[in-house]
Amino acid sequence: APLGSLAASLLAAALLAAVAAAIEAFSVEELDNLFVPLGVSALYAVLFLPAAAYTPALAGLLLSGAVALASFRLRLLTVAGGLGAVAVGTLAFAIGGWPLWLLLMWFFGSSNVASKLMALSAVKRNGGAPASRKHSGPRTLRQVLANSVPFLACALAYTATGEPWLLLLASGALAASTADTWASEVGVYSRRPPVNILTREPMQRGLSGGVSPLGLAATVVGAVTSAFLAMLLFHAFGYAIPTGPDAFFFIIACGVVGSLVDSVLGVVMQAKYRCPNDAEGGLVETPPCGAQAALVSGYAWVTNDAVNLMSGIAVVLLGLLVVV
């Protein structure tokens, strides 16, 4: 027995050492000093200590940390954005287990995959240079929070009240973020030019508020896939929430309505600028010329992140009117 215990201890130590080495190898910008002790400690607690109330949070920390490390290497997240994503993912797993966490990962992963595939498709087409996109670089902390705060608010309300429909509303908020991001990332590659969602007049590609047949199709696909995944996961993991047609179409409606509200707010409120030395005279939402840019429409404080947050809040409020 002592020999068996010694062998088990050595194997556990070897596993933890290997995990520490892997985390250090994948970490960037001195984050190994944070991720190595957190990751190894969390893994030890999850694998070798008795299950406790904090165990789901530690499991969420491990899973979200692994995703964040991969995202750093793929340049999908900034350092601050990655740390924010770890916090959001940890809370999602602690509150809703695998269903909410996997829905969150579906939003993040599918949006990035969709944008990459469409970019490759555009490059292969004749004259298909990559279009101007809203999210052309790694996602920042503001972008992470703008897309996750409404979802987290519903999830936290579920822990406080135990009302199962709040999980559906949380799923609807994520479906709205997924549908809108799909519309933005895929719609810019539409062969038809976008039109203003309110006036139906042609709009410059890449600006908020423009819609196209391809973008609208991406909206519906993003909402439907999110709803299907939510129903599948909640049923598979035994959550006592409605999983019938009404719940399915409720999540789809949240996704589609959220994306459309985002477009309307993008036209009415989001700031659009013109740089004085721009020969083509095109509008931009993040002016490269800084303070020299002239505000053409919208409000200076309303960025794309602000619009995403407001549309998410609107979805939650509209959802509350339906289910309460």
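Residues numbered from 1 in each chain as written. Predicted model: local features only at pLDDT ≥ 70, side-chain atom pairs only at ≥ 80, totals over all residues. Heavy atoms only, no water.

Draft legend 1. Just the overall build of the protein chain, in detail. Per the secondary structure count, the protein chain includes nine helices and four strands. In the protein chain, the order of α-helices and β-strands from amino to carboxyl end is α-α-α-α-α-α-β-β-α-α-β-β-α. Taking 2.2 N^0.38 as the reference for a compact globule, 324 residues should give roughly 20 Å; the C-alpha atoms of the protein chain span a radius of gyration of 22 Å, in line with that estimate. By principal-axis analysis of the C-alpha atoms, the protein chain measures approximately 80 × 45 × 35 Å. Within the protein chain, the fraction of its 324 residues that count as buried is 47%. Taking contacts inside the protein chain between residues at least 6 apart in sequence as the whole, the part at least 24 apart equals 70%. Of the accessible surface of the protein chain, which amounts to about 15,900 Å², a share of 69% is contributed by carbon and sulfur atoms. (Helix = DSSP H or I, 4+ residues; strand = E, 2+ residues; numbered from the N terminus. Rg over C-alpha atoms; globule rule 2.2 N^0.38 Å. Buried < 20%, exposed > 50% of the residue type's maximum accessible area, 1.4 Å probe, protein only. Contact = heavy atoms within 4.5 Å. Areas by Shrake-Rupley, 256 points an atom, 1.4 Å probe, with all protein chains shown as cover.)

Draft legend 2. Inspection of the state of the cysteines at higher detail. In total, this model carries zero disulfides according to the counting rule given. Cys 254 supplies the cysteine sulfur nearest to Cys 154, a cysteine that is in no disulfide, at a spacing of 8.8 Å. What makes Cys 154 buried here is its relative accessible area of 3%. Taking relative accessible area as the criterion, Cys 254 reaches 6% and is therefore assigned buried. (Disulfide = S-S within 2.5 Å.)

Draft legend 3. The arrangement of a nonpolar patch on the surface in detail. Nonpolar side chains collect at one region of the surface, where Leu 15, Tyr 44, Leu 47, Phe 48, Leu 49 and Tyr 54 lie side by side and expose about 540 Å² of accessible area between them. Top element by residues in the nonpolar patch is helix H2 (residues 32-48). It accounts for three residues. Tracing the chain through its elements places Leu 15 in helix H1 (residues 2-26). (Patch = residues over 30% accessible without salt bridge, like charges linked within 9 Å, V, L, I, M, F, W, Y side chains within 5 Å. Salt bridge = Lys/Arg side-chain N within 4 Å of Asp/Glu carboxyl O.)

Draft legend 4. Inspection of the packing of aromatic side chains at higher detail. Under the definition given, this model contains seven aromatic pairs. With centroids separated by 6.1 Å and ring planes inclined at 50 degrees, the aromatic side chains of Trp 106 and Trp 182 adopt a geometry described as tilted. Remark: Trp 182 occurs in helix H6 (residues 165-187) and Trp 106 occurs in helix H4 (residues 79-124); sequence separation between them is 76 residues. Through pairs of rings, three or more aromatic residues link up here, namely Phe 93, Trp 98 and Trp 101. (Phe/Tyr/Trp six-rings, centres within 6.5 Å; stacked < 30°, edge-to-face > 60°.)

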